[in-house]
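Read off the chains here:
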Amino acid sequence: QVQLVESGGGLVQAGGALRLSCAASGRTFSNYGMGWFRQAPGKEREFVAAITWSGLSTYYADSVKGRFTISRDNAKNTVYLQMNSLKPEDTAVYYCAGPRGRIYSSTRYYLEGEYDYWGQGTQVTVSS
């Protein structure tokens with residue numbers, strides 16, 4: 001079965017940086033795109049970023065564009081989320097997500113329903 005394990009969350013001051021990692025197992029990692037979502041207290045889970053199977057295309061929520069970078073290392077079965085210039089409103093539990101199959105339309109990467117596999121989440125707290 002597919003397993004996703006996030007790491008790298010923590011407490012950071014506004015303006016700081018963190019790098020999240022997500023280690024995947026259970027299927028051929030390089031065949032599938034990957035995504036990051038987040039959920040803040042009292043809010044619904046929202047899309048943050050996604051990357052295609054090859055790593056050649058990436059997608060971002062407007063709120064993180066220019067500050068966050070998603071990348072992957074297919075040799076290590078790992079996807080990363082580099083978060084710079086963090087703001088208090090970035091405080092949330094961050095989830096790594098894997099789709100059930102290949103995603104061929106760029107717009108579908110933004111949709112939570114495309115993802116069947118989820119990590120346990122890692123807490124990111126940004127203090128002001």
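Refer to the structure printed above.
Bear in mind the structure is a predicted one, so any value in this text is a computation, not a measurement. (Residues numbered from 1 in each chain as written. Predicted model: local features only at pLDDT ≥ 70, side-chain atom pairs only at ≥ 80, totals over all residues. Heavy atoms only, no water.)

Engineer: Explain the pattern of salt bridges here, please?
Structural biologist: Evaluated as defined, the whole model comprises seven salt bridges. Across the salt bridge formed by Arg38 and Glu46, the nearest N and O atoms sit 2.7 Å from each other. Residue classification places Arg38 among the buried positions, given a relative accessible area of 6%. The salt bridge partner of Lys65 is Asp62, with a shortest N-O separation of 3.1 Å. Assigned by exposure class, Lys65 and Asp62 land together as exposed. Ionic contacts of the salt-bridge type, sharing partners, join the residues Arg38, Glu46, Arg67 and Asp90 into one network. (Salt bridge = Lys/Arg side-chain N within 4 Å of Asp/Glu carboxyl O. Buried < 20%, exposed > 50% of the residue type's maximum accessible area, 1.4 Å probe, protein only.)

Engineer: Please explain the packing of aromatic side chains as it appears in this structure.
Structural biologist: One pair of aromatic rings is described through two measures. These are the centre distance and the angle between the planes. Enumeration according to the criterion identifies seven aromatic pairs in this entry. On the basis of an interplanar angle of 75° and a centroid distance of 5.1 Å, the ring pair of Phe37 and Tyr115 is categorised as edge-to-face. Taken together, the positions of Phe37 in strand β4 (residues 34–39) and Tyr115 in strand β10 (residues 115–118) put the pair 78 residues apart, joining distant regions of the chain. Classification of Tyr115 by relative accessible area gives buried; the value is 4%. These aromatic residues form a ring-pair network of at least three members: Phe37, Phe47, Tyr59, Tyr109, Tyr110, Tyr115 and Trp118. Between Arg27 and the ring centre of Tyr32, over which it is positioned, the NZ or CZ distance is 3.7 Å. (Phe/Tyr/Trp six-rings, centres within 6.5 Å; stacked < 30°, edge-to-face > 60°. Helix = DSSP H or I, 4+ residues; strand = E, 2+ residues; numbered from the N terminus. Lys NZ or Arg CZ within 6 Å of the ring centre and 35° of its normal.)

Engineer: Honestly, the pairing of β4 in this entry has me stumped. Any pointers?
Structural biologist: Put simply, side chains in a regular strand alternate between the two faces of the sheet. Burial of β4 is extensive: five of the six residues sit out of reach of the surface. Bridging between β4 and strand β5 (residues 46–51) involves five bridges; their strand directions are antiparallel. Of the residues in β5, the one forming a bridge with Phe37 is Phe47. Connecting β4 to the antiparallel partner β5 that follows it, the hairpin turn spans six residues, and Gly42 within it adopts a positive phi of roughly 75°. Looking at chain direction, β4 and strand β9 (residues 92–99) are connected through five bridges and run antiparallel. Across the sheet, Trp36 pairs through a bridge with Cys96, a residue of β9. (Pairing = 2+ DSSP bridges.)

Engineer: Would you take a moment to explain the sheet that holds strand β3 (residues 18–25) for this structure?
Structural biologist: Each strand in a sheet pairs with another by means of backbone hydrogen bonds, the pair being arranged parallel or else antiparallel. The antiparallel open sheet is built from four strands, whose spatial order is β1-β3-β8-β7. Looking at which strands have only one partner, the edges of the open sheet turn out to be β1 (3–7) and β7 (68–73). With strand direction ignored, the average angle separating the axes of adjacent strands in the sheet is 15°. Looking at chain direction, β3 and strand β8 (residues 78–83) are connected through six bridges and run antiparallel. (Axes fitted to C-alpha atoms, helices over the stretch in contact; angles between N-to-C directions.)

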